[in-house]
Amino acid sequence: MSLRDLAYQDAANPWFSWDYIRTNSSTILDALGEHVTLTAEAVALAAVVAIPLGVLAYWVRPLSGPILVVSGVLYTIPSLALLAFIAPAVGPTKSTSVLIGLVLYALLLIVRNTLAGLNQVPREAQDAATGMGYGRWSRLLRVDLPLALPGILTGLRLATVSTVALVTIGGLIGKGGLGNLILGGFRNNFFKAEITTGAILCVLLGLVLDLILIGTGRVLTPWTRRAR
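Rules used in this analysis
Residues numbered from 1 in each chain as written. Predicted model: local features only at pLDDT ≥ 70, side-chain atom pairs only at ≥ 80, totals over all residues. Heavy atoms only, no water. Helix = DSSP H or I, 4+ residues; strand = E, 2+ residues; numbered from the N terminus. Rg over C-alpha atoms; globule rule 2.2 N^0.38 Å. Buried < 20%, exposed > 50% of the residue type's maximum accessible area, 1.4 Å probe, protein only. Contact = heavy atoms within 4.5 Å. Areas by Shrake-Rupley, 256 points an atom, 1.4 Å probe, with all protein chains shown as cover. Lys, Arg positive; Asp, Glu negative; His and termini not counted. Charge placed at Lys NZ, Arg CZ, Asp CG, Glu CD. Axes fitted to C-alpha atoms, helices over the stretch in contact; angles between N-to-C directions. Parallel < 35°, antiparallel > 145°, perpendicular 65-115°, else oblique. Nonpolar A, V, L, I, M, F, W, Y, C, P; charged D, E, K, R; others polar. Expected span 1.5 Å × (residues − 1). Core = buried A, V, L, I, M, F, W, Y, C linked by side-chain atoms within 4.5 Å. pLDDT = per-residue confidence, 0-100. Salt bridge = Lys/Arg side-chain N within 4 Å of Asp/Glu carboxyl O.

## Focus on the overall build of the chain
On a plain count of helices and strands, the chain comes out with 11 helices and 0 strands. The secondary structure elements of the chain, listed N-terminal to C-terminal, are α-α-α-α-α-α-α-α-α-α-α. Taken over C-alpha atoms, the radius of gyration comes to 22 Å for the chain, far larger than the 17 Å a tight globule of 228 residues would show. In terms of overall dimensions, the chain has C-alpha extents of about 80 × 45 × 30 Å along its principal axes. Burial statistics for the chain: of 228 residues in total, 40% are counted as buried. Residue pairs in contact within the chain that sit at least 24 positions apart in sequence constitute 74% of those at least 6 positions apart. Taken as a whole, the chain presents about 12,500 Å² of accessible surface, with 67% of it coming from carbon and sulfur. Averaging the positions of the 17 positive and the 11 negative side-chain charges in the chain gives two centres separated by 10 Å.

## Looking at the packing of helix α3 (residues 25-59) against helix α9 (residues 178-187)
In the contact formed by α3 and α9, the axes pass within 7 Å of each other and the chain directions differ by 125°. The angle between α3 and α9 falls in the class oblique. Contacts from Thr 27, Ile 28, Ala 31, Leu 32, Glu 34 and His 35 in α3 reach Leu 178, Gly 179, Asn 180 and Leu 181 in α9. Its residues assigned to classes, the contact of α3 with α9 comprises 5 nonpolar, 4 polar and 1 charged.

## Digging into helix α5 (residues 79-90)
Compared with an ideal rise of 1.5 Å per residue, which puts 12 residues at 16 Å, α5 spans 16 Å between its outermost C-alpha atoms and is within 8% of the ideal. In this structure, the buried side of α5 is in contact with α6 (95-119). With its phi angle positive at about 145°, Gly 91 sits one or two positions after the end of α5.

## Points about the nonpolar core
Counting residues in hydrophobic clusters, the biggest one holds 32 residues, and the most contacted among them are Ala 46, Leu 102, Ile 110, Leu 118, Leu 145 and Leu 156. Put simply, the parts of the chain that give this core at least two residues each are α3, α6 and α8 (136-167). Dropping the residues within four chain positions of it, Ala 46 is found in contact with Ile 51, Val 103, Ala 106, Leu 107 and Ile 110. Counting 10 residues, the second largest nonpolar core, distinct from the first, contains Tyr 20, Leu 178, Cys 202 and Leu 205.

## Some remarks on the confidence of the model for the chain
On average, residues of the chain carry a pLDDT of 88, and 93% of them reach 70 or more. When the criterion is pLDDT under 50, residues 1-8 qualifies, and its contacts beyond four places in sequence or with other chains add up to 2 contacts.

## Here we look at the environment of Ala 40
With respect to the helices and strands, Ala 40 occurs in helix α3. It is 27 Å that separates the C-alpha atoms of Ala 40 and Phe 186, two residues lying 146 residues apart in sequence.

## Side note on the pattern of salt bridges
A side chain of one charge can pair with a side chain of the opposite charge if their charged atoms are brought near each other. Overall, the coordinates contain 4 salt bridges when judged by the stated rule. Note that Arg 123 is salt-bridged to Asp 127, the shortest N-O span being 3.5 Å. Within this pair, Arg 123 and its partner Asp 127 are both found in helix α7 (residues 123-131), separated by 4 residues, close to a single helical turn. Owing to a relative accessible area of 54%, Arg 123 belongs among the exposed residues under this scheme.

## A few points about the side chain of Thr 163
With respect to the element layout, Thr 163 can be found in helix α8. Residues contacting Thr 163, with those up to four places away along its chain left out, are Thr 39, Ala 42, Val 43, Leu 102 and Ala 106.

And the structure:
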C-alpha cells in the first residue's frame, strides 16, 4: 500500500469527527444515559450494603477482618471472569448482570473508607455524646456517621470513578453504556471517531461525577474547611 493510500485512509477515518457526533447524537446520548444510570444504581446499591457493613465492622471488631477479606476477594476477581459467571445465571443480555458485578466491585472501596472514617472519629466527641445520654444508635446517627462523613465520601468518590470505568466492560453483552461505542468502533473496522467519542465521554463523565461529589462533600462537611 502506498503512502498516498495510507494518507487517504487516515483522512477518511479520523480520530475525531464532529460529523459523526452530529449524525449519531441520539445513539451517543442513549449510551451516555445508560452509563450514568448504571453508575448511579451501582454506587447507590453498594452504599446501601457497604455502609452498614462498615458500621458492623466498627462495632464488632472481630468481624472487621472477615468483612474486609471477603470484599477484597470480590474486588480482585477479573471483571471479564466475573461477568462470565454472572451473565449465564442472570441473563446474558440483561443490564442486571453488569449491575451485580459493579456493586460487588464497589463494596470494598466503600466498606474500607467507612471503617476508616469511623475509626477517625475523636474519642472526646464519643465520650461527650455518651455523657449526654446518647445510646449506641443515637451516637452513631448524631455523632459517629456525621464525623466519619469525609471518609465515607472518599469511598463513594473512589467507587464512582471506578464504576464509570468498569461499566464499559458491559459492552461485551451490549449493556456497557459508552463502552458500547468503544467496542463498537473496534468491531466496525476500527472506526476511530466512535472509539474516541466513547473514550472521551467516559473520562469526562468520571471527572464530572468526581467534582460533583467533591462539591457535595464541601457542603456537607463545612468544618473540614475551617480546620484547614
